[in-house]
Each structure stands twice: as C-alpha cells, then as structure tokens.
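Breakdown of the fold
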Amino acid sequence: MTVLEQPGAYRPTPPPAWRPRADAAPLLPDAEPYRLLGTAAAADVAADLLTRLHRELVHGRRYNAQATALTRQGRLAVYPSSTGQEACQVAAGLVLEERDWLFPSYRDTLAAVVRGLDPVQALTLLRGDWHSGYDPHTHRVAPLSTPLATQLPHAVGLAHAARLKGDDVVALALVGDGGTSEGDFHEALNFAAVWQAPVVFLVQNNGFAISVPLAKQTAAPSLAHKAVGYGMPGRLVDGNDAVAVHQVLDEAVRRARGGGGPTLVEAVTYRMDAHTNADDATRYRTDSEVEAWRAHDPIALLEEAMRDRDLLDDQSVEAVRESAERLAADLRERMNQDPVVDPMELFEHIYADKTSQLREQAAQLRAELDAESERDAGTDADTDTGADKSEKGAR
C-alpha cells in the first residue's frame, strides 16, 4: 500500500492548468486600427518629428522607384518594393536606439536604409553579390531574410541573450502577413512571451502573401489578436499613418526596454506594387482596389496634416523631392558600377573557424580558379604569337 492509498492520506488537488494566467482584456487590440493623423491629437505631435518622417517617406518612395528601375536594367536580380508601406518602414527605422537591433525581412531594405545602412549595401544581396552585403554587427541590422519568418526566432534569441547579459537592448523584428503562417512565427512569439524578452514584432499586413489574400491565411479577427494566445499585448494600427505607427512602435520599444516584455503590432497597409518584379499582380487584384488605397497614401496623409499646421508648403515639398532625386542619382551611379567579386569570399564569414568540409571546398575552388587562370594566360600567349606571325607575313 502506497502512502496515497492509506486511509485519510493527503491527496493534492491537481494544478488548475485550465485557468488563465493573466487577464486577457489588457492584451486585446482595439477593434479598429489606431489612427492619429486627422484627429485632434495630431496637433500635439512635435514638428521636428513630422518633418523627419516626411523627408524619409519621400526619400523612401524615390528609393523604391529607383530600385525597381534597376531590376529592369539588369542591375538587380529581384526587388520586392515597399511602395505604399513606407510609413511602416520609416517608423521602424527611426524608433530604435543605436544599441538596438533591427531584424528585417526581404521587403524591408528601406527600413535598413533609414536605420543608417548604405543604400547600395542594402541592395547587395538582391544583386546576387557578397553575403548580406554588410556587417550586421556594425550596423545592428541582421541580414535581410529571404526565407519567411526565420528572422523572428533570431530576434528573440538576441533579445533574450542581451537581457541575460544585462545589456539595455531591444530587438525589432519585421515580418509580413504571409510570415505569420509560418511555424517560426509561433515559436518566436511563444519563446518571447515565456522569457519576457525585450522584442517587438511588427507585422506589415499588406493584404497579400504574394497572391494569397489574408482571408485565405487566417480566420482571426486580426493578426494582432494572435498576441493574446501567447500572453503579450497586441496593437492594431493604421500602417499608412506614419505618426501613429511611430507612436505605437515607440511605446512598444519603451515597454520592452523597461522589462514589460514583447508586443505584437499589426500595421494595416497595402502593397501598391507587385510582390516583386517577377509578379503579375493583375491576376489576383483589381485596379480599382489599388486606386482605392492610393487615396490613403502615407505621403499624402502626412503632407495634408503638415500643411494644416503650416509646417509644409510647395517650396519645402520641392526641396525634399530634389533631395530624393539626388539620393536616387547617387544610387543609380554606384549601382551601375560592376562590382569586383572574388569567388573565394564565399567561404568567409560563415564560421569563425572553417570546418574541414569548407576548407576542402575552398581548396577545390582555388585549384579550379588557378587552372582557369593558366588556361586564359595560355590563350593570350597563343593569340600574341599568332599576331606576331601575321605581322611578319605582312612585311
């Protein structure tokens, strides 16, 4: 007879695992996306912030247009434009401190540029060049991620490690609505909430995962509602209202830095261009739908609010546009220069100490390059000899 089988023995009550760990109400997002522009609260927004946001939005729109043109000229293999989503990109690039980290997806080159990354370096990966094109540690910008949502667990890991070390660091991870259908999204949010990691997740809901509309991906009231299941607050914001996105992200970053844990922010926006230059968006959406969203353009919304406060006039608008043209011209000139590539760099910056397989592969490639160089040298010598003979025959 065991102790528990004895008459009158103490029998503990099973833990109430079914009970909620916290009140869900404070975690729920608003019923409608939070907006600031066009409301009375917009009058209290600092003028210098509005000016900075406007400048970056106009620069970003021109940057997207120029990068798209570079794909048609063969200077980029592919470019996923963020035209129409610039408010999300700009806000994400501005809210972080220098010590913080940005974890972008493949569509977030503009956010990296606003963060301070050189525009050419931001596009290097998309032209099929050297690794990520930049040193992530120097810029506190993780490599641009082409696989969907894989950057999210990385952001959580970095943020958790920083907190364990006592570093005052926040990670901001960007992902599209399509990325929320990936397992990495679930794993990242679950770990972040359990560990109370200082990380902010920004979901740019632009309506489509390539050609798949959001309604075919989830039946949730909003993507922000998914936060409640993990035990973190969800915020729903108008992704074309640059000031609102900046404010919501700023609050989330401050909360994370203060030990409040992660936040999931869903920014409702729209991708005006095709998924990439290889996509035909007319196959899955109508021109009338696109035009309806043009009426909610983030640049136009901000300019209207700034003109109402006499913070913007035709002259200042033209000055910003001329500045954007100079940025585009510089990008065009430098991207038109053929990069000097070294195939041996394929083996650099993968491991601190190369594995035996990498050393073997590097040696094999080195031998092939040397053999090719010798063949080229021999061909040049034969050509020179033939030219000498022709010259003698002519004399």
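Residues numbered from 1 in each chain as written. Predicted model: local features only at pLDDT ≥ 70, side-chain atom pairs only at ≥ 80, totals over all residues. Heavy atoms only, no water.

Points about the overall build of the chain
To be explicit about the condition: A run of DSSP states H or I qualifies as a helix once it reaches four residues; a run of E qualifies as a strand once it reaches two. Both are numbered from the N-terminal end. A 1.4 Å probe rolled over the protein chains alone gives each residue an accessible area, and that area as a share of the maximum for its type sets the label: buried under 20%, exposed over 50%, partly exposed in between. Any pair of residues with heavy atoms lying within 4.5 Å of one another is described as a contacting pair. Residue burial considers only the protein chains on display, and all accessible areas are found by Shrake-Rupley using a 1.4 Å probe. The convention is simple: Lys and Arg are positive, Asp and Glu are negative, and His and the chain ends are not counted. Taken as the charge location is NZ of Lys, CZ of Arg, CG of Asp or CD of Glu.
Within the chain one finds 13 helices and seven strands. Dimensions of the chain along its principal axes, counting C-alpha atoms only, are 120 × 75 × 45 Å. Per-residue burial over the chain gives 43% buried out of 395 residues. Within the chain, contacts between residues at least 6 apart in sequence are counted, and of these 75% link residues at least 24 apart. Only carbon and sulfur atoms are counted for the fraction: they give 52% of the accessible area of the chain, which is about 20600 Å². If you average the places of the 40 positive and of the 60 negative side-chain charges in the chain, the two averages end up 3 Å apart.

With respect to the packing of aromatic side chains
Ring pairs (aromatic) are described by centroid distance and by the angle formed between their planes. Formally: Between the rings of Phe, Tyr and Trp (Trp by its six-membered ring), a pair exists once the centres lie within 6.5 Å; its type follows the angle of the planes, with under 30 degrees stacked, over 60 edge-to-face, and the other angles tilted.
Summed over the entire model, instances satisfying the criterion amount to five aromatic pairs. Seen in terms of ring centroids, Y63 and Y79 are 6.4 Å apart; in terms of plane orientation they differ by 85°. Their pairing is edge-to-face. Taken as a pair, Y63 in helix α1 (residues 47-72) and Y79 in the loop between α1 and α2 (86-94) lie far apart in primary sequence, 16 residues in all. Given a relative accessible area of 1%, Y63 falls into the buried group. Both rings, one in W101 and one in F103, keep their centres 6.0 Å apart while their planes meet at 35°; by these two values the pair is tilted. Judged on exposure class, the residue W101 and its partner F103 are both buried.

Quick word on empty space enclosed by the protein
Convention followed: Throughout, the protein atoms alone are placed on a 1 Å grid, and a set of points is a cavity if a 1.4 Å probe fits but cannot get out or a pocket if it is open with protein on both sides within 12 Å along at least five of seven lines; lining residues have an atom within 4 Å of a point. Grid points are joined across faces, edges and corners, and a volume is the space filled by probe spheres set on the points.
All chains considered together, the criterion is met by one cavity of 30 Å³ or more. If you add up the space inside the largest cavity, you get close to 30 Å³. Lining the largest cavity are G84, N240, M272, W293, R294, H296, D297 and P298.

Brief notes about the sheet that holds strand β6 (residues 234-238)
Counted only if it meets this: A pair of strands counts as paired when DSSP detects no fewer than two bridges linking them. Note on geometry: axes are C-alpha line fits, over the in-contact stretch for helices, and angles between N-to-C directions span 0 to 180 degrees.
Judged by pairing direction, the sheet is parallel, and its five strands sit side by side in the order β1-β2-β3-β7-β6 without closing on themselves. Both outer strands of the open sheet, β1 (101-103) and β6, are each paired with one neighbouring strand and no more. Averaged over all pairs of adjacent strands, the angle between strand axes in this sheet comes to 20°, irrespective of strand direction. Where β6 lies against strand β7 (residues 263-268), five bridges are found, and the strand directions are parallel.

Coordinates in, geometry out; function isn't part of it.
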